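Summary of structural features
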Amino acid sequence: MAREDYRESLTELRDGVESMAKTVLTQLRRALTSLEDGDEMVAREVIDTDGAVNERYLDLEGDCIQLLALQQPVASDLRFVAASFKILTDLERVGDLATNLARYALADASGAFSKIDIHRIGDEVHNQVQAAIDAYVADDTDACRTINTRDDEIDALCQRASEAVVRELIAREASAWGVEQLLDDVSRVLLTIRDLERIGDHAVNIAARTHYMVENDPELIY
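Reference entry: report on the structure contained in this document. Here the structure is a predicted model, which means the values were calculated and not measured. (Residues numbered from 1 in each chain as written. Predicted model: local features only at pLDDT ≥ 70, side-chain atom pairs only at ≥ 80, totals over all residues. Heavy atoms only, no water.)

Looking at the nonpolar core
Ranked by internal contacts, the top residues of the largest apolar core, which has 61 residues, are Met20, Leu91, Leu101, Ile193, Leu196 and Ile199. Those elements that place two or more of their residues in this core are helix 1 (3-37), helix 2 (40-71), helix 3 (75-107), helix 4 (118-138), helix 5 (141-171) and helix 6 (176-215). A per-element tally of this core places helix 3 first, with 13 residues. (Core = buried A, V, L, I, M, F, W, Y, C linked by side-chain atoms within 4.5 Å. Buried < 20%, exposed > 50% of the residue type's maximum accessible area, 1.4 Å probe, protein only. Helix = DSSP H or I, 4+ residues; strand = E, 2+ residues; numbered from the N terminus.)

In structure tokens form, the structure reads like this:
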């Protein structure tokens, strides 16, 4: 591969990661919308699109492997390809978690626990993933540190939401026949909160890998 073709392949890899991120972020936003509005059509579209996201992930993973195997990049190029490989995995997992959220939306026929501020948490984690990808594209290590710090705030939001679910469960009175449905609702809401927190964690992973890619510093990874 000629030098100019090699540099072009690196550029195409960065563009590919950014493009996949845009698709995943759209999926996440639509999943959050389905949770908020109870829109079954939107939820099913998110679920149906997950296969295409997985295929795109495998294509880009193959590009990374080819660059590593055939070009044997060194120094900053090696960190870039390795970081991109890891970031793609995080994006694929965010796509899977968005699919989970869409499935929870389909199961929530009762609108249970509507007072829990799921939507604020959803907006926060969406913004975190967007900021992490923007940092990757711009080699912005300051933004990476900010993302890492803000994760504590998201964790605290998730903790408060989980505690609110438990408090509301304790306060409710359910007939014997309604207990099973109530517990299903509790389980689904807690899983929703857990998956949103995990999406935030993947944003932190993306920021940490970007920081290492640019600075050759594993500070945020560990």
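There is more to say, and it comes next.
Section: a negative patch on the surface
A cluster of like negative charges, contributed by Glu4, Asp5, Glu8, Glu12, Asp15, Glu55, Asp59 and Asp63, occupies part of the molecular surface. Listed by contribution, the elements that provide at least two residues to the negative patch are helix 1 and helix 2. Among the elements that take part in the negative patch, helix 1 stands out by supplying five residues, more than any other. Among the structural elements, Glu4 can be located in helix 1. Using a relative accessible area of 56% as the deciding quantity, one classes Glu4 as exposed. (Patch = residues over 30% accessible without salt bridge, like charges linked within 9 Å, V, L, I, M, F, W, Y side chains within 5 Å. Areas by Shrake-Rupley, 256 points an atom, 1.4 Å probe, with all protein chains shown as cover. Salt bridge = Lys/Arg side-chain N within 4 Å of Asp/Glu carboxyl O. Lys, Arg positive; Asp, Glu negative; His and termini not counted. Charge placed at Lys NZ, Arg CZ, Asp CG, Glu CD.)

Notes on the side chain of Thr192
Along the chain, Thr192 turns up in helix 6. The class for Thr192 is buried, based on a relative accessible area of 4%. Among the polar contacts made by the side chain of Thr192, one reaches the main-chain carbonyl oxygen of Arg188 at a distance of 2.9 Å. The residues touching Thr192, leaving out its near neighbours within four places in the chain, are Leu35, Leu101, Tyr104 and Ile118. (Polar contact = N/O pair within 3.5 Å; in protein donor to acceptor, adjacent residues only side chain to side chain. Contact = heavy atoms within 4.5 Å.)

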